[in-house]
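For reference, the chains in residue letters:
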Amino acid sequence: MSTTNRLNVALVALPAAVAIALTAFAQAPRPPAPAEGAEVPAKGALEDPYGEANRAKGGEAAPKSKSYSPYAGRKYPTRVYFGDTHHHTSNSGDAFAGGNRLGLVEAYRLARGEEVVTSSGIAAKMGRPLDFLVVSDHAEGLGLMQQVYEGNPTFMADETAARWSKMMKAGGAEAAKAAGEIVSAQANNKLPPMFKDPKVVGSIMKSVWEKYTATAEKYNEPGKFTAMIGYEWTSVPKGNNLHRNILFRDGKARADQIFPFSSWNSEDPEKLWAWMEGYEKKTGGKLLAIPHNANLSNGRMFELSTFTGGPLTKDYAERRSRWEPLQEIIQTKGTSESHPLVSPADEFLDMGIAGWEYGNLTLEDGPLTKQMMPTTYLRTGLMRGLEQEAKLGANPFKFGIVGSSDIHNSLSFMEEDNYFGKMVIQEPSPDRWEHISKESSWDPKLGPARTRYTWHYNAAGWAAVWATENTREALWDAMMRKEVYGTSGTRMIVRFFGGWEYTAGDAKSRYLAEAGYAKGVPMGGDLAKAPANKAPTFLVAALKDPVGANLDRVQIVKGWVDASGKAQEKVYDIVWSGNRKPGANGKLPPVGDTVDVAKATWTNTIGATELAAVWKDPDFKPSQRAFYYARVIEIPTPRWTAYDQLRFGVKMSKDVPMKHQERAWTSPIWYSPS
Amino acid sequence: VSVSTHRPNRWASFAFSIALCALAPAAGACGFDDPSSIGMQRGMLNLAYPEALHVGTAVWQAQLAGRLPRDPVAQFGDLSPEQRGTLRLARARLLLGRFAARLADDGAAAPRPSLAVVLLGPVMWSRLESGGRTLNPALHVAGPEAGDVVVVTDIAAIEAIAGGALSFGEALDLGVVRLYGRPADVAATRHWLTGRARG
């Protein structure tokens, strides 16, 4: 397609898409808000718990509409909802100790588009509100720091806590000393034993949890804004990040029947899954877990053994893929897609690697080595999953992809020109870029000194969810069926389907999604049948963020297991802007660069407003299991550091990146020869 | 993949930093000593002194508005973090010394409360201990002492006040200085400094 034709298509398609989306939104039914404490009806829970009816099976014929309207009887999702599945407020001990004074109310108000004054005293408002928010405060000591600070009488039985309370009330130097002791104890996991004693803190944390769920209930507005209940399980053995965010499909009535399982109970993910299963049996509700920061796990996120060192089994694989249908690919603390050392042919692994490749979450336990990388990153994890599936008969690492923030200042502002950092100390200031967040000194066993600065942090990312409506149930169901994608902060719209019968005309159709669902499966699905002499085809379409940058290219990342049983990977450029031709090395030339770093601007004079194509795998072998995911790359734009440099009139080190190419990653589609 | 930390002359700047710290009468573990602790130390400040962190925002907003001088070290992007820290520490000591001298030179007749000044950027504490009509400065100390009035501010405000470009009252109005302590002591301090700090 020529640039002119593409622009013509874009001029027609963009307003049409917006109009359709707005119409669909306007016509969506608005369920009444549930009464306080009442359970939200679990739509479709009995007959179709995960919305499987919304998927057409690969190879099935398109259903014939009996109505004049081509949309009559349509059941598939027509809107993508953007949100954050990973958000901390002052209820998290580390957030509170870091100065955060904004709680759930402020978090929800901000996410819904209101203006709030931050803990640093800055008036703040999002560029665009979110469709949903999961506040996922750490379960460990949920709200306890706040309670100590406020002098909850329960803690007066403990000599240390009572002393802290007295010193805080004294103010001045005494308060400073107490604050120092509290913050240090929290950071070093040296709070008095009573803080982990369920007999003492159980009732306090339970009351915090019930207030937590009540606030979510208050701000949950089905059809308009979803406040999904969640929390974070914070397992971090030897500094290796194994954290999981737990998302409830349910409302307060069910969530209040339990108290979150924390890493104080166990750091073993299998124990977490057992607890999740217990919750579902007890309440009839539904849970899923989203691990994050595989990049900071030093090889443990996708290790080929259980947490306790046992062998992986089919049962383990089935339980893991059941309870952990998603992984977080990007957030403020870096990108977990892959690393240049294990994916050297991929020239787009430059985002969110610097600083985060130094080691695990706490920079303990030695640096990240090349040997650890095959079980550290998501792409390599997907590859290990294929290998394990061949051995075990089930895939333990079969997950979809989201992005989210992990912010600890209640400000989910993943916008480059409106970035408020992860922690309160990283809120806007002239010198925030150079703050040190983590540092390890030289150690004969652990290697050279390593330092992470604020400038290493990403203004990322979002979870994009193809759901039938903006409700807890519909969003959760979409997550469970992996019909989701992650972005680095852009709100581009991406469709991705796999099947056996897509043709080039499907990518040009006004009914692209109709063809996508009718002839195949959406992102997160499985291609189970390989018709004779057929190779899988993929229908992919991307529409630029309405207020963002144009698109550079769409790629498909394929992983497969070769004849020797070893997983391989390859990145294919599928469709791109302009008239570029791949070079002799097979690489597509760069799209260009319009960024003016000094002014922190760019222009959409390069790139495309939309890209769509059908791609057939030229290397397909029916006997080889495989996965495919799409990656959509924008043209270069200024990074948050460029905005800071301009606004504050400072000069940053030469190694601070000032621009990047924002992107989206879809959940994979798997092919299995069985 | 290269490690992207920029560290020219690391040992030289480290040695210089150690030498400067050694000059301090009682060096506390501030952000100059342990830069990775600043986040936690600011959190501590916000616990002990509610909304203390608002001072940092007020300072940069005043800088952008031209009411306070900007940090000259921020213009040296090629310096290593250690070198920037070293320069800032030297500058902080110099300006705090001038600030203390200016307050001590006010000729106040009444006894004045002792002050504990904390620079929010590096969370560096200094004390101006009242000796009746004199003030005895102790720079880069561990923290406040009992009975001190705590002055939360930052080096740009100290520079402006010490240089006579900003009165203490204006600094309070701008929010670039906040006072904490016993109400009577805070009131006495406010009366003392807003009336006499500008020469």
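Numbering of residues starts from 1 in each chain and follows the order in which that chain's sequence is written. Starting at A for chains and at 1 for ligands, labels are handed out in the order in which the entities are written. With pLDDT at 70 or above as the cut-off, local features in this predicted model cover only qualifying residues; side-chain atom pairs require 80 or more to be listed or tallied, and sums for whole chains, interfaces and linings still use all residues. Hydrogen atoms and water are omitted, and side-chain values are computed over all heavy atoms in the structure.

Asker: Explain the overall build of chain B to me, using residue names and the numbers behind them.
Answerer: Each helix is a run of DSSP H or I of at least 4 residues and each strand a run of E of at least 2, with the numbering of both proceeding from the N terminus. Scanning chain B from terminus to terminus reveals seven helices and five strands. Throughout, exposure labels follow a simple rule: accessible area from a 1.4 Å probe, protein chains only, divided by the maximum for the residue type, with under 20% read as buried, over 50% as exposed, and the rest as partly exposed. Taking all 199 residues of chain B together, 54% fall into the buried category. Contacts are assigned to residue pairs that have any heavy atoms within 4.5 Å of one another. Excluding contacts between residues fewer than 6 apart, the proportion of contacts in chain B whose partners are at least 24 apart in sequence is 66%.

Asker: Outline the pairing of strand β3 (residues 134–141) of chain B, listing residues and values.
Answerer: All names here are of chain B. Pairing between strands requires that DSSP locate at least two bridges from one strand to the other. Relative to β3, strand β2 (residues 124–131) is paired through six bridges, and the arrangement is antiparallel. Of the residues in β3, the one forming a bridge with Ser-130 is Leu-135. Once β2 ends, the chain turns through two residues before running back antiparallel as β3, passing Gly-132 with a positive phi of about 80°.

Asker: I'd like to hear about the packing of aromatic side chains, residue by residue, with values.
Answerer: Residue and element names in this part refer to chain A. Two rings from Phe, Tyr or Trp (for Trp, the six-membered ring) form a pair when their centres sit within 6.5 Å of each other. Planes less than 30 degrees apart are called stacked, planes more than 60 degrees apart edge-to-face, and all others tilted. Applying the stated criterion to the full structure yields 35 aromatic pairs over all chains. Ring centres of Phe-620 and Tyr-671 lie 4.9 Å apart, and the angle between their planes is 75°; on these two criteria the pair is classed as edge-to-face. Linking Phe-620 in the loop between β21 (610–616) and β22 (626–634) with Tyr-671 in strand β26 (residues 669–671), this pair joins segments that are 51 residues apart in sequence. When its relative accessible area of 13% is taken as the criterion, Phe-620 is described as buried.

Asker: I'd like to hear about the environment of Lys-659 of chain A, residue by residue, with values.
Answerer: Residues and elements named next belong to chain A. Within the secondary structure, Lys-659 is located in strand β24 (residues 659–660). Separated by 202 residues in sequence, Lys-659 and Tyr-457 have C-alpha atoms that sit 13 Å apart. In terms of polar contacts, Lys-659 uses its side chain to reach the side chain of Asp-593, at 2.6 Å. Pairing of N or O atoms within 3.5 Å defines a polar contact, subject to two protein rules: one partner must be a possible hydrogen donor and the other a possible acceptor, and residues neighboring in sequence count only if both atoms are side-chain atoms.

Asker: Can you tell me about the sheet that holds strand β1 (residues 115–119) of chain B, naming the residues and giving the values?
Answerer: All names here are of chain B. Across the sheet, which stays open at both edges, the five strands sit in the order β3-β2-β1-β4-β5 with mixed pairing between neighbours. Edge positions in the open sheet fall to β3 and β5 (178–180), since each of these has one partner strand only. When strand polarity is set aside, the average angle formed by the axes of neighbouring strands in this sheet is 20°. Across three bridges, the pairing between strand β4 (residues 149–153) and β5 is antiparallel. As a rule, the C-alpha atoms of each element are fitted with a line to give its axis, helices using only the stretch in contact, and angles between N-to-C directions run from 0 to 180 degrees.

Asker: Describe unusual backbone geometry, naming the residues involved and giving the relevant values.
Answerer: Cis geometry is adopted by the peptide bond preceding Gly-461 of chain A, which originates at Ala-460 of chain A and carries an omega value of -5°. Counting through the fold element by element, Gly-461 of chain A comes out in the loop between β12 (450–453) and β13 (462–467). One non-glycine residue, Lys-482 of chain A, lies in positive phi territory at about 65°. When you line up the elements, Lys-482 of chain A lands in the loop between α12 (472–480) and β14 (484–487). Here Glu-51 of chain B, not a glycine, exhibits a phi torsion of approximately 65°, which is positive. Note that Glu-51 of chain B resides in the loop between α2 (38–48) and α3 (54–64).

Asker: Account for the pattern of salt bridges, naming residues and giving values.
Answerer: All names here are of chain A. Salt bridges are identified by distance alone: a Lys or Arg side-chain nitrogen within 4 Å of an Asp or Glu carboxyl oxygen. Tallied over the entire structure, the rule returns 51 salt bridges over all chains. Across the pair Arg-432 and Asp-644 runs a salt bridge, and its minimum N-O distance is 2.7 Å. Taken together, the residues span a long stretch of sequence, with Arg-432 in the loop between β10 (400–403) and β11 (436–440) and Asp-644 in helix α15 (residues 640–648) at a distance of 212 residues. Overall, the relative accessible area of 2% leaves Arg-432 in the buried class. For Asp-644, a relative accessible area of 5% translates into the label buried. The salt bridge involving Asp-506 is made with Lys-519; its shortest N-O contact spans 2.9 Å. Of this pair, Asp-506 sits in helix α13 (residues 504–508) while Lys-519 sits in helix α14 (residues 512–519), and the two are 13 residues apart along the sequence. Overall, Lys-519 belongs to the partly exposed group, its relative accessible area being 25%. Each of Glu-347, Asp-552, Arg-553, Asp-573, Arg-580 and Lys-587 takes part in one network of salt bridges that share partners.

Asker: I'd like a rundown of the packing of helix α3 (residues 104–111) of chain A against helix α7 (residues 198–219) of chain A, residues and numbers included.
Answerer: Residue and element names in this part refer to chain A. It is the contact of α3 with α7, at a shortest axis distance of 10 Å, that shows an interaxial angle of 25°. Between α3 and α7, the interaxial angle falls into the category roughly parallel. Crossing hand, α3 versus α7: right-handed. Residues Leu-104, Val-105, Tyr-108 and Arg-109 of α3 pack against Tyr-212, Thr-215, Ala-216 and Tyr-219 of α7. Three residue categories are used. Nonpolar comprises Ala, Val, Leu, Ile, Met, Phe, Trp, Tyr, Cys and Pro, charged comprises Asp, Glu, Lys and Arg, and polar comprises the others, including Gly. When grouped by side-chain class, the residues that make up the contact of α3 with α7 number six nonpolar, one polar and one charged. Throughout, the term roughly parallel applies to angles under 35 degrees, roughly antiparallel to angles over 145, roughly perpendicular to angles from 65 to 115, and oblique to all others. Crossing handedness is defined as follows: a turn of the near helix away from the far one that is anticlockwise and smaller than a right angle gives a left-handed crossing, while the clockwise case is right-handed.

Asker: Explain the pairing of β22 of chain A to me, and be specific about the residues and the numbers.
Answerer: In regular strands, side chains alternate between the two faces of the sheet. Residue and element names in this part refer to chain A. Among the nine residues of β22, nine are classified as buried, and the element is accordingly described as predominantly covered. The alternating pattern of β22 places Ala-626, Tyr-628, Ala-630, Val-632 and Glu-634 on one face and Phe-627, Tyr-629, Arg-631 and Ile-633 on the opposite face, and all of these are buried. Across nine bridges, the pairing between strand β19 (residues 551–561) and β22 is antiparallel. By the bridge assignment, Val-554 is partnered in β22 with Val-632. Bridge analysis of β22 against β26 gives three bridges, and the strand direction is antiparallel. The residue of β26 that forms the bridge with Tyr-628 is Ile-669.

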